[in-house]
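Chain residues, written in single-letter form:
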Amino acid sequence: MEVYREADHYLMSNGISPVTENSNDLRDSDLLQDVFNAETDWVSHNPLQTLPCVSYTPIADSPDDLLQKRLVVLKGLLTSEEIYLTELETLLTPMKALKAAAGTSQPLLSIEEVWTVFYQIPELRDLHKDFYTSLKTRLHGEKGLDQEDSSRNQGTEESALILYKGDPQVPVGDLFLKFVNQLGVYRGFIDNYENALEIVQKCMQSDQRFRTLAESMMSFKGSDRVKTKYTMEALLYKPLDRVMKTTLVLHELWNNTPPDHHDSVLLQEALRLSSSFLSGVNERSQCKRAVMLSKGERRQLIRDRFVVDVCESGQNLRHLFLYADLLLCVKLTSTGRQAHYRFCWYLPLVGLKLQWASEQLPSSECQIKISKTRAKMYQLKQALQQQMKGGKGSFSRVVERLRRKLEECELWLLTNTPSFTLDLHSTSGKSHTVRLYSLYDLDEWKEAIEIQSGKCIETVPPDLLSVTGSCIKLRMTQQPPLHCVKSNEKPHVCGSIYVMVHSACGLQHPSSVYACVEVDGFEFYHRRKQTCLSAFSVTPVWDEELVFQVDGAQQLFLVVVSQSESDSQDNILGRAVLLLDPDIMFKKWKKLTRSLGQIDVTLSMKYLPHPLEPPSCTPLIPEPVFCVQIAQVAKQEGVLVPHIVRSCVEEVERRGLNEEGIYRISGASREIQELKHAFNTNYREAVSKLRSLDVNAVSGTLKLYFRELPLALIPSDHFQGFSVAIDIADPYVRANHMLAVLQALPDVNRNTLLFLLHHLRRVAEKQEQNKMSLSNLATVFGPSLLRPPVDRVDISQEVEVQVQVINLYLQCHNLPEPLLTKPLDLEELET
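Keep in mind the model is a prediction, meaning the values are calculated, not measured.

Looking at the overall build of the protein
Then, number 1: Across its full length, the protein holds 28 helices and 19 strands.
Then, number 2: Counting the 831 residues in the protein, one finds 50% classified as buried.
Then, number 3: Across the protein, every contact between residues at least 6 apart in sequence was considered, and the portion connecting residues at least 24 apart equals 73%.
Then, number 4: As presented, the protein carries roughly 39,500 Å² of accessible surface, and 51% of it is formed by carbon and sulfur atoms.

This is the structure:
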């Protein structure tokens, strides 16, 4: 109740009667009576308590007295706005230096921490600066402003006070209405406040340099430039204090405006919006919130989000609420301007089982419609930008119509684009499936549900009507995750983002692992890509480049997944998010290591801003890999060793090293052709098939790939040189000659051959189990890897050369290690 006493004291100190028990007070509102209990834990931790909505009846006074008091209020507000702007500028002073230091070897804060600490503060400054300038101009006029500047320079306070004795009827309601309509800027700051404060407090304890900076921030106030000392923590609290008093100041101004004044209606509407905003901020608090229902039930809301509910009747956008003991799915509807929820289904968390999976590609018809919708979205956004640049107001009918169509397209894509499914199985036998577009979001939800399910012992049967009715007050997510309705005030990138995923460390057990990378922004292009599976190891290596075309992207999500040994679901090992800031992303590669909990992932990134080409209206058809020159396949994939070679080799090493006759015994022809078709049409499907098919089919597919290359892996123009080399008697001279020929091969051919040779050596190390020696493996692969010129006719000599060449390479002691990708020009960053 401290905030109410503060509010009452604030009103009384300015000669305004505080609210009485009969007032229309939020303390007696349905919101507090029906939803929040006085003992609710989250309220005491919330930096923004619900302010009282004070009496909406202007006090009885003469119009002239009201107008004089109104001028006093406006004068005080203008002065406090000037002080507040000075405080915001003081808070922003070290931001530029901290950002510059983040790229050095001794940063005070990382760039992510800088953005977190100063999140939305420049926007708050710009908002209040515009409001302050407009209000000052309205009260003084241009002439008054010149006089005020002159009075300040002369240091005469009396002349400055005269400026406030202007026209008592001057209208300011439109300025306040415009201001409160932009209060949404505060929402992001408030949600981020605790994170920013935590970083400041942590760094003050760990870094003396930062502590010195944060405890001695200087500001200059007033005409005599009095120096004032602040701490960073105190300055961070200023916006919270400011937004809490906005409603009180508006009420005071409206209470001293005569009912027949043209500002009365505007100020009343601004007061309503301000009160509604502050109430909405409390509803969006990230803390747990408790709901007290009509029958004495008490439940806590953990999180909520819009998802796609998959059922027999189709796919529908729904709002999913996770309480401490149940999952509730509801449908958002509206009656006029009043929004409410309709119950769909619920599942108790006790004994709830979860299983996630990646959806398969949709039908060709659906893929075509997805491509056309993306192209239409691109056209709508271009038209919207042209309208805004052409001087059309942001609230014009044309602009609103374009925004509405853009939102409809994005909603359709959200509902129909393949994503990730989360199957929910209750002990009662009921099951439901929801879809989340992002693997990062899915893991967050899966983790939250599993934590709450582990805490539940029993479930009180819910009063579904009360729980559903309370959702509208408790919801933290106000709208579906549509990019077209997000604010464009944050920095965002537009162009190409290159992500090279190098390696990971920290795994507890050997695993085959892949990395999934996602970006946000408009869905004109594919926003999710993943690496191929790594070899079975505790230190997986990918060295794979992923390229994204992005528009409006602000975040990049990284999720690392371990492939299951059996047919069960894969295991998500960790996740992380990276902020995309165009001011610090350059055309050169930047290397960094990101912690995902127990494991660390090393990756490199670069950003090339450029105008984007319109997306294709037809779905991209995957390029085939069989019967295609290996250099072309590698170029398409941006690697030096094609994915099909790496995938087959890694699968053989995972479960085929002890298989007797591996590479000698052929797999089923049907399974080999099935894998060939999958690699030609859908790489992700091919990787999935590799797990389930016989390992001899996998080895047979790899041999078939090399046999069907239009040009052999070792070009035939080297055949004669090899024929001479194998006849050299001195083994050292022969080995040097062979390595010289190897170095002369094209980059892709050389590194693919080296990758295969090292793999075959590892196979031969298990020859006691698999009966495959180096000579046996050379016999199998020689004819596929090295082909004679077309004019050669001595077949027996050809086979002998083919086998001996591969055998000599396998026995070479100083065989170079392969490169999987081209080396990058890296500019190292601190981890």
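Continuing now.
Here we look at the pairing of strand β12 (residues 513–519)
Then, number 1: A large share of β12 lies buried, amounting to 7 of its 7 residues.
Then, number 2: Of the two faces of β12, the one carrying V513, A515, V517 and V519 and the one carrying Y514, C516 and E518 are both buried.
Then, number 3: Relative to strand β15 (residues 555–562), β12 runs antiparallel, the two being bridged by 7 bridges. By the bridge assignment for β15, V513 is matched with S562.
Then, number 4: Here 3 bridges tie β12 to strand β13 (residues 528–530), and the two strands are oriented antiparallel to one another. When the sheet's bridge partners are listed, C516 is paired in β13 with Q530.

A short note on the environment of T247
Then, number 1: Note that T247 resides in helix α12 (residues 232–255).
Then, number 2: Relative accessible area serves as the criterion here: at 3%, T247 is assigned to the buried category.
Then, number 3: For the pair T247 and S274, spaced 27 residues apart in sequence, the C-alpha to C-alpha distance is 5.7 Å.
Then, number 4: Residues within four places of T247 in sequence aside, it is in contact with L271, S274, S275 and L278.

So, the packing of helix α19 (residues 643–655) against helix α21 (residues 683–692)
Then, number 1: Two elements in contact, α19 and α21, have axes whose closest approach is 10 Å; the angle formed by their N-to-C orientations is 20 degrees. For the element pair α19 / α21, the angle class is roughly parallel. Considering only the axes of α19 and α21, their crossing is right-handed. Across the interface between the two elements, H643, S647, C648, E651, R654 and R655 from α19 touch Y683, V687, L690, R691 and S692 from α21.
Then, number 2: Of the residues contributing to the contact of α19 with α21, the split by class is 4 nonpolar, 3 polar and 4 charged.

Focus on the sheet that holds β13
Then, number 1: The sheet built from 4 strands is open, its strands ordered β13-β12-β15-β16 with antiparallel pairing. Single-partner strands in this sheet number two, and they are β13 and β16 (571–579). Sheet twist, expressed as the average angle between the axes of neighbouring strands with direction ignored, equals 20 degrees.

As for the packing of aromatic side chains
The description of two aromatic rings rests on the distance between their centres and on the angle between their planes.
Then, number 1: One pass over the full model with this rule turns up 15 aromatic pairs.
Then, number 2: Note on Y440 and F557: the rings are 4.9 Å apart at their centroids and 45 degrees apart in plane angle, and the pair reads as tilted. Taken together, the positions of Y440 in helix α16 (residues 439–455) and F557 in strand β15 put the pair 117 residues apart, joining distant regions of the chain.
Then, number 3: Between F626 and Y705, the ring centres sit 5.7 Å apart and the planes meet at 90 degrees, which makes this aromatic pair edge-to-face. Linking F626 in the loop between β18 (600–609) and α18 (630–637) with Y705 in helix α22 (residues 695–707), this pair joins segments that are 79 residues apart in sequence. A single burial state applies to F626 and to Y705, both of which are buried.
Then, number 4: Taken together, Y378, F522, F524 and Y525 form an aromatic cluster joined through their ring pairs.
Then, number 5: Taking NZ or CZ as reference, R528 lies 5.0 Å from the ring centre of Y437, over its face.

Regarding unusual backbone geometry
Then, number 1: The backbone phi angle of D543 is positive, close to 50 degrees, even though this residue is not glycine.
Then, number 2: Relative to the helices and strands, D543 is located in strand β14 (residues 541–553).
Then, number 3: With a relative accessible area of 21%, D543 lands in the partly exposed category.

Considering the environment of S438
Then, number 1: Mapped onto the elements of the fold, S438 is located in the loop between β10 (431–436) and α16.
Then, number 2: Once the C-alpha coordinates of S438 and E518 are considered, the two residues, 80 residues apart in sequence, prove to be 7.4 Å apart.
Then, number 3: Aside from chain neighbours lying at most four places away, what touches S438 is F420 and E518.
Then, number 4: Of the polar contacts made by the side chain of S438, one reaches the backbone nitrogen of D441; its length is 3.3 Å.

Points about the pairing of β18
Then, number 1: Of all 10 residues making up β18, 7 are buried, and the element is well covered by its neighbours.
Then, number 2: The pairing of strand β11 (residues 493–505) with β18 spans 10 bridges and is antiparallel. Paired with M500 across the bridge in β18 is S604.
Then, number 3: Pairing geometry for strand β17 (residues 589–595) and β18, over 6 bridges, is antiparallel. Its bridge partner lying in β18, K590 is registered against M605.
Then, number 4: The loop that links β17 with its antiparallel partner β18 comprises 4 residues; one of these, G597, has a positive phi angle of about 90 degrees.

Some words on helix α14 (residues 364–389)
Then, number 1: The end-to-end C-alpha separation of α14 is 38 Å, in line with the 38 Å expected for 26 residues at 1.5 Å each.
Then, number 2: Those residues of α14 that sit buried are C366, I370, S371, T373, R374, A375, M377, Y378, L380, K381 and L384.
Then, number 3: Against α15 (397–416) and β14 lie the buried residues of α14.

Some details on the pattern of salt bridges
Then, number 1: The tally for this structure, following the rule as stated, stands at 30 salt bridges.
Then, number 2: R655 is the salt-bridge partner of E651, the closest N and O atoms lying 2.4 Å from each other. You can see E651 and its partner R655 sitting in helix α19, 4 residues apart, about one turn around the helix.
Then, number 3: Between E674 and K689 there is a salt bridge, with its nearest N and O atoms 2.7 Å apart. Within this pair, whereas E674 is found in helix α20 (residues 669–681), its partner K689 is found in helix α21, the two being separated by 15 residues in sequence.
Then, number 4: One connected set of salt bridges, linked through shared partners, spans R670, E671, E674, E685 and K689.

Description of the packing of α22 against helix α27 (residues 774–785)
Then, number 1: At a minimum axis distance of 8 Å, the contact between α22 and α27 shows a crossing angle of 30 degrees. As far as their axial angle goes, α27 and α22 are roughly parallel. The two elements α22 and α27 cross, and the hand of that crossing is left-handed. Across from K703, F706 and R707 in α22, the residues of α27 making contact are V780, F781, S784 and L785.
Then, number 2: Across the contact of α22 with α27, the residue classes break down as 4 nonpolar, 1 polar and 2 charged.

Observations regarding the nonpolar core
Then, number 1: Grouped together as the largest cluster of nonpolar side chains are 66 residues, with contacts concentrated most on V645, Y663, F679, Y705, F706, F722 and Y809.
Then, number 2: Discounting residues that sit within four places of it in the chain, F722 has contacts with I714, M738, V741, L786, V801, V805 and Y809.
Then, number 3: Judged by nonpolar contacts, the second largest core, of 58 residues, contains M95, L124, L240 and A270.

Considering the confidence of the model for the protein
Then, number 1: Scored by pLDDT, the protein comes out at a mean of 80, with 81% of its residues at no less than 70.
Then, number 2: Confidence over residues 1–60 falls short of pLDDT 50; this stretch has 112 contacts with residues more than four positions distant or in other chains.
Then, number 3: Here residues 142–165 scores under 50 on pLDDT; set against residues more than four positions off or in separate chains, the count is 24 contacts.

The rules we used
Residues numbered from 1 in each chain as written. Predicted model: local features only at pLDDT ≥ 70, side-chain atom pairs only at ≥ 80, totals over all residues. Heavy atoms only, no water. Helix = DSSP H or I, 4+ residues; strand = E, 2+ residues; numbered from the N terminus. Buried < 20%, exposed > 50% of the residue type's maximum accessible area, 1.4 Å probe, protein only. Contact = heavy atoms within 4.5 Å. Areas by Shrake-Rupley, 256 points an atom, 1.4 Å probe, with all protein chains shown as cover. Pairing = 2+ DSSP bridges. Axes fitted to C-alpha atoms, helices over the stretch in contact; angles between N-to-C directions. Parallel < 35°, antiparallel > 145°, perpendicular 65-115°, else oblique. Left-handed = near helix turned anticlockwise from the far one by under 90°. Nonpolar A, V, L, I, M, F, W, Y, C, P; charged D, E, K, R; others polar. Phe/Tyr/Trp six-rings, centres within 6.5 Å; stacked < 30°, edge-to-face > 60°. Lys NZ or Arg CZ within 6 Å of the ring centre and 35° of its normal. Polar contact = N/O pair within 3.5 Å; in protein donor to acceptor, adjacent residues only side chain to side chain. Expected span 1.5 Å × (residues − 1). Salt bridge = Lys/Arg side-chain N within 4 Å of Asp/Glu carboxyl O. Core = buried A, V, L, I, M, F, W, Y, C linked by side-chain atoms within 4.5 Å. pLDDT = per-residue confidence, 0-100.

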